[in-house]
Amino acid sequence: MTIEDIKQVTREAGDILLSAKRPKIMEKSGHANFVTETDEKVQRFLVDRLKELLPEAEFLGEEDGQDEFSAKMAKGFCFVIDPIDGTSNFIYEYRPSVVSIGLLKDGKPYMAVVYNPYDDMMFSAIAGEGAYMNGERIMSSEAPLSEQLSCFGTAPYYEELRDKSFDIAKKLLPLCVDLRRSGTAAWDMCCVAIGRCGLYFELKIQIWDYAAAALIAKEAGCSVTDIEGNPLSYTGASSALCMSRGVKEIPTCFKEA
């Protein structure tokens, strides 16, 4: 199995998103936490196809009750899947939404693919071998934060984090050009990786949100940690802070939070 094999499967999954019409919507626990029949269809497709590529791998995915990290996933290979990162975007046709596949090896990120089918942008990385978009090497920006956009997530499923999220965002705004909110964590990290933004943060995201994109960003020269500067766990939910090469230190608004 190669990264090209994973990219091909991801592209086919993206085609399912492009062809979907008026998806049936179900609501999960938490504020505005939706799942559609397309999420479930894409996850089943990904699991079936990736099992063919790597039969011995475990699977951790957002849908179909496969969302709990277990000890056996910390050994060998484990695919971490988000069939549609940005489900609310998908429902309301507010682009983008992305397909995210991370492959862990002994609990550490090994391969990663994030695909935005609406703009045909395929991000990929192998640990230690750099990050790519549509086959071209990418690196994050070397500009200081004051000359870059920042993006953030509102952790919408966790109401207890709402005030803190917006307090940090308010303090971050004067330090950068402006703030953006896309609705997909994986896409935001990829935007930092490719130099569209200098920083992304969110106070709580799940492992399937960051497993692929964090590796892509790291291989593009970014610093990717929790908001306190600690390494991501790759075992479950975490806060996330992704900074480009030009952002040398964690801004004070995070240290004061």
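Residues numbered from 1 in each chain as written. Predicted model: local features only at pLDDT ≥ 70, side-chain atom pairs only at ≥ 80, totals over all residues. Heavy atoms only, no water.

Peer 1: Tell me about the nonpolar core, residues and numbers included.
Peer 2: Ranked by internal contacts, the top residues of the largest apolar core, which has 43 residues, are Val114, Phe123, Met189, Tyr200 and Ile216. Setting aside residues up to four positions removed in sequence, Val114 forms contacts with Val98, Val99, Ser100, Met121, Met122, Phe123, Ala186, Cys190, Ala212, Ala213 and Ile216. The next biggest cluster of nonpolar side chains, apart from the first, holds 25 residues, and it includes Ala13, Phe90, Val99 and Met111. (Core = buried A, V, L, I, M, F, W, Y, C linked by side-chain atoms within 4.5 Å. Buried < 20%, exposed > 50% of the residue type's maximum accessible area, 1.4 Å probe, protein only. Contact = heavy atoms within 4.5 Å.)

Peer 1: Kindly report on the sheet that holds strand β11 (residues 179-180), identifying the contributing residues and their values.
Peer 2: Taken in spatial order, the five strands of this open sheet run β11-β10-β12-β14-β13, and their pairing is mixed. In the strand order of this sheet, the two ends are held by β11 and β13 (223-225), each with one partner. Where β13 lies against strand β14 (residues 238-243), three bridges are found, and the strand directions are antiparallel. Within the sheet, the bridge partner assigned to Ser223 lies in β14 and is Met243. Those strands touched by helix α4 (residues 162-172) are β10 (150-152), β11 and β12 (199-205), and its axis lies near 170 degrees from that of β12. Contacts from helix α5 (residues 185-194) reach β10, β12 and β14 within the one sheet, and its direction differs from that of β12 by about 155 degrees. (Pairing = 2+ DSSP bridges. Helix = DSSP H or I, 4+ residues; strand = E, 2+ residues; numbered from the N terminus. Axes fitted to C-alpha atoms, helices over the stretch in contact; angles between N-to-C directions.)

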